[in-house]
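Each chain, written out:
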Amino acid sequence: MRRRPRKRNRRAFTLIELLVVIAIIGLLISLLLPALKRARHSAQAINDLSNLRQMQTAHWLYMSDYDGQFITFGLGHGGVHSNPLTAWINTLSAYNGDQLLRRSPLDDSPHWGPYPDGVPIPNADPAQRRQTSYGINDFLNDSPPWGGPYKLETIPRPPRVIQFLHMAYGSADPSSPQASEYAAADHPHVENWTGSKAALKAAKQVQTNAVDGPWGTSQAVGNYGYLDGHAAAEMFADIFTDVGVDLSTFNRFDPRVAR
């Protein structure tokens, strides 16, 4: 007589064991997600530096055509955009070899999109929306706050002078300290950062913590493009100090004192 093969006893997971496995998987995910988020942010910051270097290259090509003159701004803050045709994001795009990268991979501003899309910018004209993540140093404009006007040949230390920066993202909440009418502009007003609390004043106009650090503090870290063509992540304390009314103590925006 043929014997039937003996059935093997296959032990299934108990409910408790299954719950333990699920809990372990959940714990591993909770540990990995912050690391993945940090890695993604680091990659975005590196791509952003690449954007800034491309802008600097395009700007050098522009200067070679205009005898060392700098690009100028055209997107105002608070009111309707004043002169978009002269804004550097439009004039410089012809020198990029491709469409100028207006939006940084780091930029999560809620104010993107043409009217009527996008979140309105607090204290600004309702028609204004963000057109670029980046801005230019207003000391390198054709009509700087004081000193100048400058051309490349008149700048003593181009590697120490900031040209491109991140405009403030701006909060969608008008009551937030981070609400900024500069979210639609293409330049800050560095000359207004005088006296004490310069880091806080700057953060109302420039996203000084685009890379890392607490908003509105001297420990904020952002990416900056320099006039000689290089780009770097810089702590605000290393590029600007609380200074007097003429910005003479130390900053990398005013070509007269940049070092």
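These numbers were taken from a predicted model, which means no experiment stands behind them.

## Regarding the sheet that holds strand β4 (residues 231–235)
Then, number 1: Here we have four strands laid out as an open sheet, ordered β1-β2-β3-β4, and antiparallel in their pairing. Only two strands of the sheet have a single partner each, and these edge strands are β1 (134–136) and β4. When the angles between neighbouring strand axes are averaged without regard to direction, this sheet yields 35°.
Then, number 2: Pairing geometry for β1 and strand β2 (residues 162–166), over three bridges, is antiparallel. Bridging from a neighbouring strand, Tyr-134 pairs with His-166 of β2.

## Examining the environment of Ala-58
Then, number 1: Relative to the elements of secondary structure, Ala-58 occurs in helix α1 (residues 15–65).
Then, number 2: By relative accessible area, Ala-58 is classed as buried at 0%.
Then, number 3: As for Ala-58 and Tyr-95, which are separated by 37 residues in sequence, their C-alpha atoms are 5.0 Å apart.
Then, number 4: Discounting chain neighbours no more than four positions away, the residues touching Ala-58 are Leu-92, Tyr-95 and Asn-96.

## Here's the deal with the packing of aromatic side chains
Then, number 1: According to the stated counting rule, one finds nine aromatic pairs in the structure shown.
Then, number 2: On the numbers, 4.6 Å between centres and 25° between planes, the contact of Tyr-62 with Tyr-66 is stacked.
Then, number 3: Seen from their ring centres, Trp-193 and Phe-236 are 6.2 Å apart, and the 55° between their planes marks the pair as tilted. Remark: Phe-236 occurs in helix α4 (residues 236–239) and Trp-193 occurs in the loop between β2 and α3 (198–203); sequence separation between them is 43 residues.
Then, number 4: Among the aromatic side chains, those forming a connected cluster through ring pairs are Trp-193, Phe-236, Phe-240 and Phe-253.

## Quick look at the confidence of the model for the protein chain
Then, number 1: Of the residues in the protein chain, 90% reach a pLDDT of 70 or more, and the chain-wide mean stands at 87.
Then, number 2: Mean pLDDT across the secondary structure elements of the protein chain bottoms out at α1, with 86, and peaks at strand β3 (residues 221–226), with 98.

## Regarding the environment of Phe-164
Then, number 1: As for its position among the elements, Phe-164 is in strand β2.
Then, number 2: Phe-164 gets classed as buried once you look at its relative accessible area, which sits at 0%.
Then, number 3: Remark: the alpha-carbon pair of Phe-164 and Gln-56, spanning 108 residues in sequence, is separated by 8.0 Å.
Then, number 4: Among all residues touching Phe-164, those that are not within four sequence positions of it are Leu-52, Met-55, Gln-56, His-59, Ile-71, Trp-88, Leu-92, Gly-135, Ile-136, Tyr-224 and Gly-225.

## Some words on the pattern of salt bridges
For side chains of opposite charge, pairing can occur when their charged atoms come near one another.
Then, number 1: Across all of its chains, the model carries four salt bridges by this definition.
Then, number 2: Its salt-bridge partner being Asp-107, residue Arg-130 comes within 2.9 Å of it at the nearest N-O pair. A residue pair is termed long-range when its members are at least 10 positions apart, and Arg-130 in the loop between α2 (88–91) and β1 and Asp-107 in the loop between α2 and β1 qualify at 23 residues.
Then, number 3: Among the residues examined, Asp-107 registers a relative accessible area of 6% and is labelled buried.
Then, number 4: Arg-256 is the salt-bridge partner of Asp-254, the closest N and O atoms lying 2.6 Å from each other.
Then, number 5: Taking the relative accessible area as the measure of exposure, Asp-254 reaches 0% and is therefore buried.

## Side note on the pairing of β3
Then, number 1: Counting buried positions along β3 yields six of six residues, so the element is predominantly enclosed.
Then, number 2: Residue alternation in β3 divides its side chains into two sets, Val-221, Asn-223 and Gly-225 and Gly-222, Tyr-224 and Tyr-226, and both sets are buried.
Then, number 3: Bridging between β2 and β3 involves two bridges; their strand directions are antiparallel. The residue bridging Phe-164 from the neighbouring strand is Gly-225, located in β3.
Then, number 4: Strand direction decides the pairing type here: β3 and β4, joined by five bridges, are antiparallel. From the neighbouring strand, Gly-222 faces β4, where its bridge partner is Glu-234.
Then, number 5: Counting the residues that bridge the hairpin from β3 to β4 gives four residues, and of these Gly-229 lies at a positive phi of roughly 115°.

## Section: the side chain of Asn-209
Then, number 1: Following the sequence through the fold, Asn-209 ends up in the loop between α3 and β3.
Then, number 2: Asn-209 sits in the buried class, given a relative accessible area of 17%.
Then, number 3: Of the polar contacts made by the side chain of Asn-209, one reaches the side chain of Gln-207; its length is 2.9 Å.
Then, number 4: Residues in contact with Asn-209, not counting those within four places in the same chain, are Pro-214, Trp-215, Ala-220 and Val-221.

What counts and what doesn't
Residues numbered from 1 in each chain as written. Predicted model: local features only at pLDDT ≥ 70, side-chain atom pairs only at ≥ 80, totals over all residues. Heavy atoms only, no water. Pairing = 2+ DSSP bridges. Helix = DSSP H or I, 4+ residues; strand = E, 2+ residues; numbered from the N terminus. Axes fitted to C-alpha atoms, helices over the stretch in contact; angles between N-to-C directions. Buried < 20%, exposed > 50% of the residue type's maximum accessible area, 1.4 Å probe, protein only. Contact = heavy atoms within 4.5 Å. Phe/Tyr/Trp six-rings, centres within 6.5 Å; stacked < 30°, edge-to-face > 60°. pLDDT = per-residue confidence, 0-100. Salt bridge = Lys/Arg side-chain N within 4 Å of Asp/Glu carboxyl O. Polar contact = N/O pair within 3.5 Å; in protein donor to acceptor, adjacent residues only side chain to side chain.

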